[in-house]
Amino acid sequence: MWTPILQRFNATSISLQSIDIDLDIVVTLYESLEKYVEDFRERFDVYLEQAKTMCSKQLFSWDGVRQKKRKKFFDQTESNNELLEGEQKMKCEVFYVIIDRLVVNLRERKLSYTDINNNFGFILKLDTLDTNGIREKAKNLVKIYPEDLNETFIEELVQFKNILNLFSKEDKSSFISLLKCLTNSALLTTFANVEIILRIFCCMASSNASGERSFSVLKRIKHDLRSSLVDEKMSSLSILNIESDILQQIDWSDIIHKFAVLKSRKKLI
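Residues numbered from 1 in each chain as written. Predicted model: local features only at pLDDT ≥ 70, side-chain atom pairs only at ≥ 80, totals over all residues. Heavy atoms only, no water.

- The chain goes by HAT C-terminal dimerisation domain-containing protein in an unreviewed UniProt entry, where it is assigned to Macrosiphum euphorbiae.

### Looking at the packing of aromatic side chains
- By the definition in use, this model includes 9 aromatic pairs.
- Aromatic pair Phe160 and Phe191: ring centres 5.2 Å apart, planes at 65°, arrangement edge-to-face. Highlighted residues: Phe160 in helix α6 (residues 152-163) and Phe191 in the loop between α7 (175-183) and α8 (192-203), separated in sequence by 31 residues.
- Ring pairing ties together the aromatic residues Phe120, Tyr145, Phe175 and Phe201, which thus form one cluster.
- Residue placement shows Arg41 over the ring face of Tyr96; its charged tip is 4.1 Å from the ring centre. (Phe/Tyr/Trp six-rings, centres within 6.5 Å; stacked < 30°, edge-to-face > 60°. Helix = DSSP H or I, 4+ residues; strand = E, 2+ residues; numbered from the N terminus. Lys NZ or Arg CZ within 6 Å of the ring centre and 35° of its normal.)

### Some thoughts on the pattern of salt bridges
- Taken as a whole and judged by the stated rule, the model has 6 salt bridges.
- In this structure, Lys110 engages Glu34 in a salt bridge whose closest nitrogen and oxygen atoms are separated by 3.1 Å. Residue Lys110 is located in helix α4 (residues 86-120), and its partner Glu34 is located in helix α2 (residues 23-38); the two are separated by 76 residues in the primary sequence. Neither residue differs from the other here; Lys110 and Glu34 are each classed as buried.
- Note that Arg41 is salt-bridged to Asp100, the shortest N-O span being 2.5 Å. With Arg41 in the loop between α2 and α3 (44-55) and Asp100 in helix α4, this residue pair connects regions lying 59 residues apart in the sequence.
- Here the salt bridges share partners, and the residues they tie into one network are Glu34, Glu38, Arg107 and Lys110. (Salt bridge = Lys/Arg side-chain N within 4 Å of Asp/Glu carboxyl O. Buried < 20%, exposed > 50% of the residue type's maximum accessible area, 1.4 Å probe, protein only.)

### Let's talk about a nonpolar patch on the surface
- A contiguous nonpolar patch, built from Ile246, Ile250, Trp252, Ile255 and Ile256 and spanning about 460 Å² of accessible area, is present on the exposed surface.
- As for its position among the elements, Ile250 is in the loop between α11 (244-247) and α12 (253-263).
- Classification of Ile250 by relative accessible area gives partly exposed; the value is 37%. (Patch = residues over 30% accessible without salt bridge, like charges linked within 9 Å, V, L, I, M, F, W, Y side chains within 5 Å. Areas by Shrake-Rupley, 256 points an atom, 1.4 Å probe, with all protein chains shown as cover.)

Below, the structure is given as structure tokens:
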């Protein structure tokens, strides 16, 4: 049972750690993973047969053990609690508990992203909204980000609805592509607030993997043999280590030459 679940969790986690992923895709991934785990509730019999085949046992450890009965006092009534045995006990007290716990945790993570996505998601669907609906949702964003947006954003977004027809479907498919297209066009000064709200959405991190990697890098850079690093030097070495992929593509010959010229010492004869 755990092999397919862990494979799907690992594949989803890799996608969530992508640099250019949108929050709407994050919500979709969590929803798909939640439904995927929920479907396992109906596959108990399949995994039970696989477990019996692997361990070559047909009975559970509690089968054949005498059920303990709790002593009742004179003022207690007869309880109707059903005692589960065998497969039903494994199914209700172990299997369902594991699946439900996974579903609840996934749902909690999804809800935190869903609220943010609901506030911004309408921007990609301006074609399907009327002007009153756009104004209401734009007012909500102005209330959430009063220091970044002003009241002109509301009417600016209404006008931007007609401008969206000039963009291709690929440009309107995600917030990042829409932001790149708007930034590279001559419309940036006209729709400055739209560009701000797109940047706010794109800068929201879908996971904290990047921050965790930064702390992991510090353990490799600052150790017992190199414990007296200046903060500026340690920060520079950390960035070089984190961005090692970009670092390997840089041509160092010019940099080394400039450094050698600056640090060269001329001998006086």
